[in-house]
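Structural characterization, general
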Amino acid sequence: MTYLILFFSAFISATLFPLGSEALLIYDIKEGYNIYLLLFFATLGNSLGSILNYYLGLKGEEYLIEKKLLKEKYIDISKRYFDKYGFITILFSWLPIIGDPITFIAGVLKYDFKKFLILVIISKFSRYLFIALVV
């Protein structure tokens with residue numbers, strides 16, 4: 001049950017809702033739960049939450065253009081930039097506050113999903129591994 005709670009906490013933390021899963025991870029580590037399973041479930045949940053953001057961005061682009069919140073001209077310019085430098089940007093998806101919108105923007109700009117997935121998993125796992133090593 002502990003791993004499932006951590007999974008959902010990490011999942012919600014990766015969406016656009018303000019919630020953190022790091023404190024729960026630290027607590028679970030101090031309680032003596034299996035570190036490998038904790039890292040796996042935290043990374044899995046957080047990565048799936050980022051995939052949800054990507055999907056919402058992907059499907060929300062038309063809505064944003066229709067409501068005149070985004071102009072296609074700027075999307076095209078941003079897409080070229082993101083195609084060139086997006087891999088670096090996505091590696092920062094682990095950061096609080098700006099990380100979640102980055103994954104949303106990747107969806108709006110239709111960044112290559114396979115690259116996105118690999119980079120997000122690396123980013124999310126690295127954050128949780130760093131926390132585990134510090135604890």
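The structure this text deals with has already been given above.
What this report covers is the structure whose coordinates are included nearby. On a predicted model such as this, the values are computed, not experimentally measured, just so you know.

Turning our eyes to something else, we now look at helix α1 (residues 2–14). Between its first and last C-alpha, α1 extends 18 Å over 13 residues, near the 18 Å set by a 1.5 Å rise per residue. Among all positions of α1, only T2, Y3, L6, F7, S9, A10, S13 and A14 are buried.

With that out of the way, let us pick up the layout of surface pockets. Considering only enclosed or pocket space, the largest pocket measures out at about 200 Å³ in volume. Among the elements of the structure, α1, α5 (99–108) and α6 (113–134) are those that each provide at least two residues to the lining of the largest pocket. Of the residues that constitute the lining of the largest pocket, the class distribution is 9 nonpolar, 7 polar and 4 charged.

We now examine the side chain of T15. Its place among the elements puts T15 in the loop between α1 and α2 (22–30). The residues touching T15, leaving out its near neighbours within four places in the chain, are G49, L52, N53 and D100.

With that settled, the discussion passes to unusual backbone geometry. Negative phi is the rule for most residues except glycine; trans is the rule for most peptide bonds. Look at K110: it is not a glycine, yet its phi comes out positive at around 55 degrees. Examined against the element boundaries, K110 turns out to sit in the loop between α5 and α6.

The next point concerns the environment of L95. Topologically, L95 is positioned in the loop between α4 (72–91) and α5. When the C-alpha positions of L95 and K67 are compared, they lie 29 Å apart, and in sequence the two are 28 residues distant.

The next point concerns the pattern of salt bridges. Here the structure, examined in full by the defined rule, presents 2 salt bridges. With its nearest N and O atoms 3.2 Å apart, the salt bridge here joins R127 to E22. Of the two residues, R127 sits in helix α6 while E22 sits in helix α2, which places them 105 residues apart along the sequence. K79 is paired through a salt bridge with D83; the nearest N and O atoms lie 3.4 Å apart. With K79 and D83 both in helix α4 and 4 residues apart, the pair spans about one turn of that helix. Among the residues examined, K79 registers a relative accessible area of 25% and is labelled partly exposed.

A cluster of nonpolar side chains, namely Y81, Y85, F87, I88, F92 and W94, defines an oily patch on the protein surface of about 590 Å² accessible area. Looking at the element boundaries, Y85 is found in helix α4. With a relative accessible area of 34%, Y85 lands in the partly exposed category.

Another point: the side chain of S93. Structurally, S93 is set in the loop between α4 and α5. The exposure class of S93 is buried, given its relative accessible area of 1%. For S93, the side chain forms a polar contact with the side chain of S123, separated by 3.3 Å. In contact with S93, other than residues within four places in its own chain, are G99, D100, T103, V120, S123 and K124.

Basis of the calculations
Residues numbered from 1 in each chain as written. Predicted model: local features only at pLDDT ≥ 70, side-chain atom pairs only at ≥ 80, totals over all residues. Heavy atoms only, no water. Helix = DSSP H or I, 4+ residues; strand = E, 2+ residues; numbered from the N terminus. Expected span 1.5 Å × (residues − 1). Buried < 20%, exposed > 50% of the residue type's maximum accessible area, 1.4 Å probe, protein only. 1 Å grid on protein atoms, 1.4 Å probe; cavity = no way out; pocket = protein on both sides within 12 Å on 5 of 7 lines; lining within 4 Å. Points joined across faces, edges and corners; volume = space filled by probe spheres on them. Nonpolar A, V, L, I, M, F, W, Y, C, P; charged D, E, K, R; others polar. Contact = heavy atoms within 4.5 Å. Salt bridge = Lys/Arg side-chain N within 4 Å of Asp/Glu carboxyl O. Patch = residues over 30% accessible without salt bridge, like charges linked within 9 Å, V, L, I, M, F, W, Y side chains within 5 Å. Areas by Shrake-Rupley, 256 points an atom, 1.4 Å probe, with all protein chains shown as cover. Polar contact = N/O pair within 3.5 Å; in protein donor to acceptor, adjacent residues only side chain to side chain.

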